[in-house]
Amino acid sequence: LDIRKPDKSLMQKALRRLSGNKLKSKDIKVLQEKHKFILVLDGFDEINGKENLYLANKLADKWNITKTIITCRWQHVCKEHSYAEMFISSNKDKLQQIFICPFNQGQILDYLEKYVKQSGSKWQFNQYKDFIEKAPLWLIEIISSPFMLYMLARALPDIAAQAQQNEDNKLDIKDEKEELEVKT
């Protein structure tokens, strides 16, 4: 569910969108009073916000939120000295931070082996393994992120095929050039 401006009326917007705009204000009021919610705010960094959505939407005052999960990339908030202020609710003691650690090379290879078995990849595991063993350190650092590794695993066979096709085209052009030089 994509809500472009979650700074006000986040819950109302989400409930209306999920219901296909069928929920009326009175229906939302009943939900507020009688139900508990787990709120997942995924991709906080994608809205480029610096405002605390929990406080801006008065979620503690108006809604019975039992748990709030907010995800974002560390790089987005690490520049902020008081980044925790962007995520805390009215109960400051309950803020818990969890970090997804980067994969090491063994975990990268384990992932790729499972990816090949489950995805129907155009490449075999050994092709991925050869690529990883020859890859520069800067690339290994990038793909140590699970999301970036997934993107690489999906794209690499096509990129390699395109590179091979480009190389074959260069060889064809070189052969044609040599044939022309021999004829003249």
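Now for a quick tour of the structure. Model, not experiment: these values are computed from the prediction.

**Digging into the environment of alanine 84**
Okay, step 1: When you line up the elements, alanine 84 lands in the loop between helix H5 (74–77) and helix H6 (105–119).
Okay, step 2: By relative accessible area, which is 25% here, alanine 84 ends up partly exposed.

**Points about the environment of glutamate 33**
Okay, step 1: With respect to the helices, strands and loops of the structure, glutamate 33 is situated in helix H2 (residues 25–34).
Okay, step 2: Sequence-wise, glutamate 33 and asparagine 64 are 31 residues apart; in three dimensions their C-alpha atoms are separated by 7.7 Å.

**Points about the pattern of salt bridges**
Okay, step 1: The tally for this structure, following the rule as stated, stands at 2 salt bridges.
Okay, step 2: For lysine 122, the salt bridge is made with aspartate 158, and the minimal N-O distance between the two is 2.5 Å. One end of the pair, lysine 122, is in the loop between H6 and helix H7 (125–134); the other, aspartate 158, is in helix H9 (residues 146–183), and 36 residues separate them in sequence.
Okay, step 3: For glutamate 133, the salt bridge identified is with lysine 129, shortest N-O distance 4.0 Å. In this pair, glutamate 133 and lysine 129 are both assigned in helix H7, 4 residues apart and thus about one turn of the helix distant.
Okay, step 4: With a relative accessible area of 30%, lysine 129 lands in the partly exposed category.

**Concerning the environment of glutamine 124**
Okay, step 1: Tracing the sequence through the fold places glutamine 124 in the loop between H6 and H7.
Okay, step 2: The exposed category is assigned to glutamine 124, whose relative accessible area is 53%.
Okay, step 3: With 33 residues separating them in the primary sequence, glutamine 124 and proline 157 have C-alpha atoms 9.6 Å apart.

**Quick look at the packing of helix H1 (residues 10–18) against H2**
Okay, step 1: In contact at an axis separation of 11 Å, H1 and H2 are set at 115° when each is read in the N-to-C sense. Classified by the angle between their axes, H1 and H2 sit roughly perpendicular to one another. In the packing of H1 onto H2, the handedness of the crossing is right-handed. Taking contact as the criterion, the partners of Gln12, Leu15 and Arg16 in H1 are, on H2, Ser25, Ile28 and Leu31.
Okay, step 2: Residues that form the contact of H1 with H2 fall into these classes: 3 nonpolar, 2 polar and 1 charged.

**Describing unusual backbone geometry**
Okay, step 1: One non-glycine residue, asparagine 21, lies in the positive phi region at around 65°.
Okay, step 2: Examined against the element boundaries, asparagine 21 turns out to sit in the loop between H1 and H2.
Okay, step 3: Residue classification places asparagine 21 among the exposed positions, given a relative accessible area of 57%.

**Focus on the packing of aromatic side chains**
Okay, step 1: According to the stated counting rule, one finds 6 aromatic pairs in the structure shown.
Okay, step 2: Here the aromatic rings of tyrosine 111 and tyrosine 115 are separated by 6.1 Å at their centres, their planes lie at 25°, and the arrangement is stacked. On the criterion of helical spacing, the pair formed by tyrosine 111 and tyrosine 115 is a turn pair, its members being 4 residues apart in helix H6.
Okay, step 3: We classify tyrosine 115 as buried; its relative accessible area is 12%.
Okay, step 4: Geometrically, the ring pair formed by tyrosine 115 and tyrosine 150 is edge-to-face, given 6.4 Å between the ring centres and 80° between the ring planes. With a gap of 35 residues between them, tyrosine 115 in helix H6 and tyrosine 150 in helix H9 connect regions that are remote in the sequence.

What counts, and where the lines are drawn
- Residues numbered from 1 in each chain as written.
- Predicted model: local features only at pLDDT ≥ 70, side-chain atom pairs only at ≥ 80, totals over all residues.
- Heavy atoms only, no water.
- Helix = DSSP H or I, 4+ residues; strand = E, 2+ residues; numbered from the N terminus.
- Buried < 20%, exposed > 50% of the residue type's maximum accessible area, 1.4 Å probe, protein only.
- Salt bridge = Lys/Arg side-chain N within 4 Å of Asp/Glu carboxyl O.
- Axes fitted to C-alpha atoms, helices over the stretch in contact; angles between N-to-C directions.
- Parallel < 35°, antiparallel > 145°, perpendicular 65-115°, else oblique.
- Left-handed = near helix turned anticlockwise from the far one by under 90°.
- Contact = heavy atoms within 4.5 Å.
- Nonpolar A, V, L, I, M, F, W, Y, C, P; charged D, E, K, R; others polar.
- Phe/Tyr/Trp six-rings, centres within 6.5 Å; stacked < 30°, edge-to-face > 60°.

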